[in-house]
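Now for the letters of each chain:
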Amino acid sequence: MEYDAVVVGGGPAGSVTARFAAESGVKVIILERRTEIGVPVLCGEGISQRVDKWNMLEGTRWIASKMDGAKIFSPDGTMVSLSKEMAGNETGYVVYRDIFDQELARRAARSGADIMLNTEVTGLIKTNGKITGIKARRFDEQFEINANIIVGADGVESKIGKWAGINTVLKPYDLETCAQYTLTNIDYNSNYCEFYIGKKLAPGGYIWIFPKGENTFNVGIGVLASLSDSSLPLKLLNKFISNHNELKNGKSIRLLAGAVPVAKPVETVRDNLLLVGDAARHADSITGGGLTTSLQGGKIAGETIGKAVESHRFDKETLSIYETKWKAVFGTKLIRDYIVKEIMLDFDDKTLNMLADSLKDYKFEEFSTLSLVKALVLKHPTLLMRLKPLLKLTDKSLKKA
Ligand SMILES: Cc1cc2nc3c(=O)[nH]c(=O)nc-3n(C[C@H](O)[C@H](O)[C@H](O)COP(=O)(O)OP(=O)(O)OC[C@H]3O[C@@H](n4cnc5c(N)ncnc54)[C@H](O)[C@@H]3O)c2cc1C
């Protein structure tokens, strides 16, 4: 088989990359090891309403509920609220992630991309040191596909980057281990995403409650792998639910376990190769959210592949347009939030309570982690010293990162 580009992984980053490449006239195929796109769901399913502006998804079938804001609870229960009224801009959706992923794949297919399921990519083909294709396995059959460009969209466990010689190793300090129940039969109404923080509650992470409508909520936890063993997230989540009056009688209709990279982005371009989404470590280090950057990065990657195919140039320099552009769109935010993650790890529960207390009546200008950081600095100028590395975020430091 011959293609211009092979995309490994049919998650959001892979489907969006394939769609925009196909729209530029590229002959592209998505290879996905699962038997159904988007299934099983491994996600809290929260996304910013900014997604509406990007023309990536049609209709509303993928939306489970629309949020009016977010509430953050400190260890002693002090609440900081970021509501639509206060923040004055878009908030979030909770989505059906299986339908969401399938909708993105459908758009890729409609644009001309091929999709092959139940197909695991097992290696890269290199000819005289140059990447010229992939090896794959489907049922008992082994086969190869030749292509000028390989896209690693293979998520948190990505191997494509490693096979191309990129250091994608995730240290326990840069990985959140997660567990989540979808609980139903809950007699509680809310249009707010709730976040609970605290060193004892969720070391190095947080607990979330995301409403999905119909008395159903995603209730999950992320814990930093360096501060936990594999059984801790579920133990802490069970404890939280049994102590929570509204949740404790809920019935579970889904339980999942997964991991999110909370690392600095890696090198994303080599000759004949790109990395996108979680494979590129594009998830946000504070929230663990990676959907918006997967969509934004995927679009840039697809368009870059279009230009490369048009000019018949597949070298690193040509493909670097992708890296320059994603850094311009969300690179600063990823590095800034990584630094804030490191600073927050030093805060004990007493400090978190104090900070929440000082922000509980604050009128936020916008709905973002940046507005939270700005408010903290305004209220606690001494924090500015600790946040100093943020001020040094220049193009040069980004290139280095
Ligand atoms: C518990 C949990 C909760 C989360 N909650 C949120 C949230 O609320 N909001 C948010 O924005 N983000 C959230 N995230 C993160 C979000 O799910 C990811 O950032 C997002 O899925 C990244 O998309 P992707 O396309 O890069 O990777 P993925 O969606 O992981 O897709 C990668 C695909 O590659 C396939 N694959 C892997 N290796 C191969 C191979 N060798 N051959 C073929 N196929 C392969 C996989 O099967 C998979 O389908 C959460 C993550 C977890 C684990």
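See the structure printed just above.
For every chain, the first residue of the written sequence is number 1, and numbering continues from 1 onward in sequence order. Totals for whole chains, interfaces and linings use all residues, but because this is a predicted model, local features are given only for residues with pLDDT of at least 70 and pairs of side-chain atoms are given and counted only at 80 or more. Hydrogens and water are ignored here; the side-chain numbers use all heavy atoms of the structure.

**As for the pairing of strand β14 (residues 206-213)**
Whether a residue is buried, partly exposed or exposed follows from its accessible area with a 1.4 Å probe, protein chains only, as a fraction of its type maximum: under 20%, in between, or over 50%, in that order. Counting from the N terminus, the helices are the DSSP runs of H or I reaching at least four residues and the strands are the DSSP runs of E reaching at least two. Counting buried positions along β14 yields seven of eight residues, so the element is predominantly enclosed. We treat two strands as partners when DSSP finds at least two bridges between them. The pairing of strand β13 (residues 192-196) with β14 spans three bridges and is classified as antiparallel. Within β14, the residue paired with Phe 195 across the bridge is Trp 208. Of the strand pairs in this sheet, β14 and strand β15 (residues 216-224) are connected by seven bridges, and their pairing is antiparallel. By the bridge assignment, Gly 213 is partnered in β15 with Thr 216. From the end of β14 to the start of β15, which pair antiparallel, there are two residues, and Glu 214 there has a positive phi angle of about 55 degrees.

**Comments concerning empty space enclosed by the protein**
In this approach, a probe sized like a water molecule rolls over the atoms, and the result shows the empty space that is left. Think of a 1 Å grid over just the protein atoms. A cavity is a set of points where a 1.4 Å probe fits yet cannot get out, a pocket is an open set with protein on both sides within 12 Å along at least five of seven lines, and lining residues have an atom within 4 Å of a point. Grid points are joined across faces, edges and corners, and a volume is the space filled by probe spheres set on the points. In total, this model carries one cavity of 30 Å³ or more according to the counting rule given. What lines the largest cavity is Ile 300, Glu 303, Thr 304, Lys 307, Ile 321 and Lys 325. Of all the secondary-structure elements, those providing two or more residues to the lining of the largest cavity are α6 (291-311) and α7 (316-344). Under the scheme applied here, ten amino acids are nonpolar (Ala, Val, Leu, Ile, Met, Phe, Trp, Tyr, Cys and Pro), four are charged (Asp, Glu, Lys and Arg), and all others, including Gly, are polar. Counted by class, the lining of the largest cavity contains two nonpolar, one polar and three charged residues.

**Observations concerning the pattern of salt bridges**
The rule for a salt bridge is simple: a side-chain nitrogen of Lys or Arg has to be within 4 Å of a carboxyl oxygen of Asp or Glu. Under the counting rule described, the total for this entry stands at 21 salt bridges. Measuring nitrogen to oxygen at the nearest pair gives 3.1 Å for the salt bridge that ties Glu 58 to Arg 106. Placement of Glu 58 in the loop between β3 (46-48) and β4 (63-66) and of Arg 106 in helix α3 (residues 97-110) is noted, with a sequence separation of 48 residues between them. Using a relative accessible area of 38% as the deciding quantity, one classes Arg 106 as partly exposed. Taken together, the shared-partner salt bridges in this structure form one network comprising Glu 58, Glu 103, Arg 106, Arg 107 and Arg 110.

**Describing the state of the cysteines**
The rule for a disulfide is simple: a pair of cysteine sulfur atoms within 2.5 Å. Here the structure, examined in full by the defined rule, presents zero disulfides. Of the cysteine sulfurs around Cys 43, a residue in no disulfide, the closest is that of Cys 178, at 9.6 Å. On the accessibility criterion, Cys 43 (15% relative accessible area) is buried. Not engaged in a disulfide, the cysteine Cys 193 finds its nearest cysteine sulfur in Cys 43; these two sulfurs lie 11 Å apart. A relative accessible area of 9% places Cys 193 in the buried class.

**Regarding the site of the ligand**
To be near a molecule or strand, a residue needs just one of its heavy atoms within 4 Å of it. Taken together, the neighbourhood of the ligand is formed by 34 residues, with Glu 32, Gly 44, Gly 46, Arg 97 and Asp 278 sitting nearest. Here a polar contact is taken to be a pair of N or O atoms separated by no more than 3.5 Å, where protein atoms must pair a possible hydrogen donor with a possible acceptor and residues adjacent in sequence count only if both atoms sit in side chains. Separating an oxygen atom of the ligand from a side-chain N or O atom of Asp 278 is a distance of 2.8 Å. Between an oxygen atom of the ligand and a main-chain N or O atom of Leu 291, the distance comes to 3.0 Å. For the ligand, whose accessible area on its own is 1,000 Å², the fraction buried by protein is 90%. Mapped onto the shell around the ligand, the elements with two or more residues apiece are α1 (12-23), β9 (119-127), β16 (251-261) and α6. In terms of residue count, the dominant contributor to the shell around the ligand is β16 (four residues). Of the residues in the shell around the ligand, the class split is 14 nonpolar, twelve polar and eight charged. Under the convention used here, a 1.4 Å probe and the Shrake-Rupley method define accessible areas, while residue burial counts only the protein chains that appear.

**Quick notes on the packing of aromatic side chains**
Aromatic rings considered in pairs are described by the distance between their centres and by the relative angle of their planes. Aromatic rings from Phe, Tyr and Trp, taking only the six-membered ring of Trp, are treated as a pair when their centres fall within 6.5 Å; an angle between ring planes under 30 degrees marks them as stacked, one over 60 as edge-to-face, and anything in between as tilted. The final tally for this structure, using the stated rule, is ten aromatic pairs. Measuring from centroid to centroid gives 5.6 Å for Tyr 188 and Phe 217, while their planes differ by 25 degrees, and the two rings are stacked. Here Tyr 188, found in the loop between β12 (175-184) and β13, pairs with Phe 217, found in strand β15; they are 29 residues apart in sequence, far enough to count as distant. Taking the centre distance of 5.3 Å and the plane angle of 65 degrees together, the rings of Phe 195 and Tyr 206 count as edge-to-face. Of this pair, Phe 195 sits in strand β13 while Tyr 206 is found in strand β14, placing the two residues eleven residues apart along the sequence. The exposure classification of Phe 195 matches that of Tyr 206, with both residues buried. Three or more aromatic residues joined by ring pairs make a cluster, and in this case those are Phe 195, Tyr 206, Trp 208 and Phe 210. Ring-over charges, as used throughout, are those where CZ of Arg or NZ of Lys falls within 6 Å of the ring centre and within 35 degrees of the ring normal. Its guanidinium or amino end placed over the ring of Tyr 192, Lys 71 lies 4.4 Å from that ring's centre, counting from NZ or CZ. Over the aromatic face of Tyr 173 sits the side chain of Lys 341, whose NZ or CZ is 4.6 Å from the ring centroid.

Function-wise, these values are silent; they only describe arrangement.
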